[in-house]
Amino acid sequence: MSLDIQKITAHIGARVSGVDPSADLDAATIAELRAALLEHKAIVLDAPRLDADGQARFAGHFGDLTTAHPTVPGVDGAPNILDVDSERGTANVWHTDVTFVVNPPAISTLRSITIPPYGGETLIASTAAAYNSLPEPLKAWAEQLWAVHTNVYDYARAEEDTPRQKEYRDVFQSTVYESLHPVVRVHPETGEKGLFIGGFTRRIHGLSETESRDVIRLLQAHVTKPEHILRWSWKPGQVLVFDNRITQHYAIDNYDSQPRKLARITVAGDVPVAVDGGRSQSITGDASHYTPVPETSDAAAA
């Protein structure tokens, strides 16, 4: 039976029903899910029976899993699961997951566990829609740019950290990672182009700090135009899957410090490829314990 796929916005997001993510899925269903993800960039499924093991099994249908994080340990007994807990801090900065390593995860899955009675939505932006709506001269210029991404700063502002948040931030930055990525990335499966920047982007290669800041601000503001965004309001027992290669996301801190807890599992990705075929490079830090680096890239041609 084919899945029921309901589009949510013009550029990103679909509700998928007719499948239980906790069940054993056949190859045809997995292929439909992957096709829906590639088309819509983010898909949401109801999964009231999905537990930690089931989320790992479900995420594994999309590819090999990473460990929880390059520096932050996974939950006890589940090394692939990152505990996304509001008590440790909030991810209220636009970002693409783990872009400070040379091959960031391809796909991220989030499972809702504890949801506040109001607020706590997750925003997801299509960086393909952002690229496509740029003026042609700006597209051509952006395609020539490369940016340095690093984990030097966590999402939270240090002066506002609670002791637990400071402890988490210190662990997050315990090993410094830097990678050089193209500002315009070619999607390895669809060939689409997207703006590959976000919260871990620290500077544009070859530009001064001031110039870099202005360029990043210009492009980032374009990514996060309302037209490019899905705003997802969580319910307990749901799983959100997004294509980390061509999206950014943001967790809204608008729930008055009430408990909010999700579980994240990510799928290993390839080395990003620029429009001219150039590949990302690692500058600092070995993340092979988190995700092995593929020997070759299967990136689609521009």
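Rules and cut-offs
Throughout, residues of each chain are indexed from 1 in the direction in which the sequence is written. Per-residue local features of the predicted model are confined to residues with pLDDT of at least 70, and side-chain atom pairs are confined, for both listing and counting, to 80 or more; whole-chain, interface and lining totals are unaffected and use all residues. Derived side-chain values reflect all non-hydrogen atoms in the structure, with water molecules and hydrogen atoms excluded from consideration. UniProt positions are given in the numbering used here, feature names are shortened, and annotations may be inferred rather than shown by experiment. Only DSSP runs of H or I with at least four residues qualify as helices, and only runs of E with at least two residues qualify as strands; both kinds are numbered from the N terminus onward. Based on C-alpha atoms, the radius of gyration is set beside the globule rule, defined as 2.2 Å times the residue count to the power 0.38. Three labels apply to residues, based on accessible area from a 1.4 Å probe with only protein chains included: buried if under 20% of the type maximum, exposed if over 50%, partly exposed otherwise in between. Whether two residues are in contact is decided by their heavy atoms: any pair within 4.5 Å suffices. The rule for a salt bridge is simple: a side-chain nitrogen of Lys or Arg has to be within 4 Å of a carboxyl oxygen of Asp or Glu. By definition, two strands form a pair when at least two bridges between them are found by DSSP. In this analysis an axis means a line fitted to C-alpha atoms, helices contributing only their contacting stretch, and an angle means the value between N-to-C directions, from 0 to 180 degrees. For a crossover, the right-handed case is the one in which the path from the first strand over the helix to the second runs clockwise, viewed with the strands pointing away from the viewer. Here a polar contact is recorded for every N or O atom pair within 3.5 Å, except that within protein the pair must consist of a potential hydrogen donor and a potential acceptor, and residues adjacent in sequence are included only if both atoms are side-chain atoms.

An unreviewed UniProt entry lists the protein chain under the name Taurine dioxygenase, with Nocardioides phosphati given as the organism. If you open the UniProt record of the protein chain and go to Sequence similarities (unreviewed entry), you find "Belongs to the TfdA dioxygenase family." Listed in UniProt under the heading Cofactor (unreviewed entry), the comment for the protein chain reads: "Fe(2+)".

**Student:** Which residues make up the overall build of the protein chain, and what values go with them?
**Tutor:** Looking only at helices and strands, the protein chain features six helices and 16 strands. In terms of overall dimensions, the protein chain is globule-like: its C-alpha atoms have a radius of gyration of 18 Å, near the 19 Å expected for 302 residues. Dimensions of the protein chain, computed from the C-alpha atoms along their principal axes, are close to 50 × 45 × 35 Å. For the protein chain, the proportion of its 302 residues judged to be buried stands at 52%. Sequence separation of at least 24 residues holds for 84% of the intrachain contacts in the protein chain that already meet a minimum separation of 6.

**Student:** Summarise the pattern of salt bridges; cite the residues concerned and give the values.
**Tutor:** Applying the stated criterion across every chain yields a total of 15 salt bridges. Its salt-bridge partner being K41, residue E192 comes within 3.3 Å of it at the nearest N-O pair. Note that E192 is positioned in the loop between strand 9 (184-186) and strand 10 (193-195) and K41 in the loop between helix 1 (27-40) and strand 3 (42-46), a separation of 151 residues in sequence. Residue class for E192 comes out partly exposed when judged on its relative accessible area of 26%. Salt-bridge contacts for R217 lead to D214; the nearest nitrogen and oxygen are separated by 2.4 Å. Pair noted here: R217 and D214 are both in helix 6 (residues 209-223), with a separation of three residues, about one helical turn. Judged by relative accessible area, which is 49%, R217 ranks as partly exposed. When salt bridges that share partners are traced, they join R34, E189, D243 and R245 into one network.

**Student:** Got a sec to walk through the sheet that holds strand 11 (residues 201-204)? Specific residues and values, please.
**Tutor:** In space, the four strands of this open sheet follow the order 11-7-8-16, with antiparallel pairing throughout. Each edge of the sheet is formed by a strand with only one pairing partner; in this case those strands are strand 11 and strand 16 (281-284). Neighbour to neighbour, the strand axes of the sheet diverge by 30° on average, direction disregarded. Both strand 7 (residues 146-150) and strand 8 (residues 178-182) contribute to a ladder of five bridges, which runs antiparallel. Note on strand 8: the bridge partner recorded for T150 is E178.

**Student:** Give a description of the environment of I252 that names residues and reports values.
**Tutor:** As for its placement among the helices and strands, I252 is situated in the loop between strand 14 (247-251) and strand 15 (261-267). Judged by relative accessible area, which is 14%, I252 ranks as buried. For the pair I252 and T90, spaced 162 residues apart in the sequence, the C-alpha separation amounts to 8.1 Å. Excluding residues within four positions of it along the chain, I252 makes contact with G120, E121, L123 and R231.

**Student:** How would you sum up the pairing of strand 3? Please name residues and give values.
**Tutor:** Of all five residues making up strand 3, four are buried, and the element is well covered by its neighbours. Bridge count between strand 2 (residues 14-17) and strand 3: three bridges; the pairing is parallel. Along strand 3, the bridge assignment pairs V16 with L45. Since strand 2 and strand 3 lie parallel, the crossover through helix 1 that links them has a hand, and here it is right-handed. Two elements, strand 3 and strand 13 (residues 238-243), share five bridges in a ladder whose sense is antiparallel. When the sheet's bridge partners are listed, I43 is paired in strand 13 with V241.

**Student:** Can you break down the side chain of H249 residue by residue, with the values?
**Tutor:** Mapped onto the elements of the fold, H249 is located in strand 14. The exposure class of H249 is buried, given its relative accessible area of 7%. A polar atom in the side chain of H249 sits 3.1 Å from the side chain of D97. For H249, the contacting residues outside a window of four places in its chain are V93, W94, H95, T96, D97, T122, L123, I124, F242 and N244.

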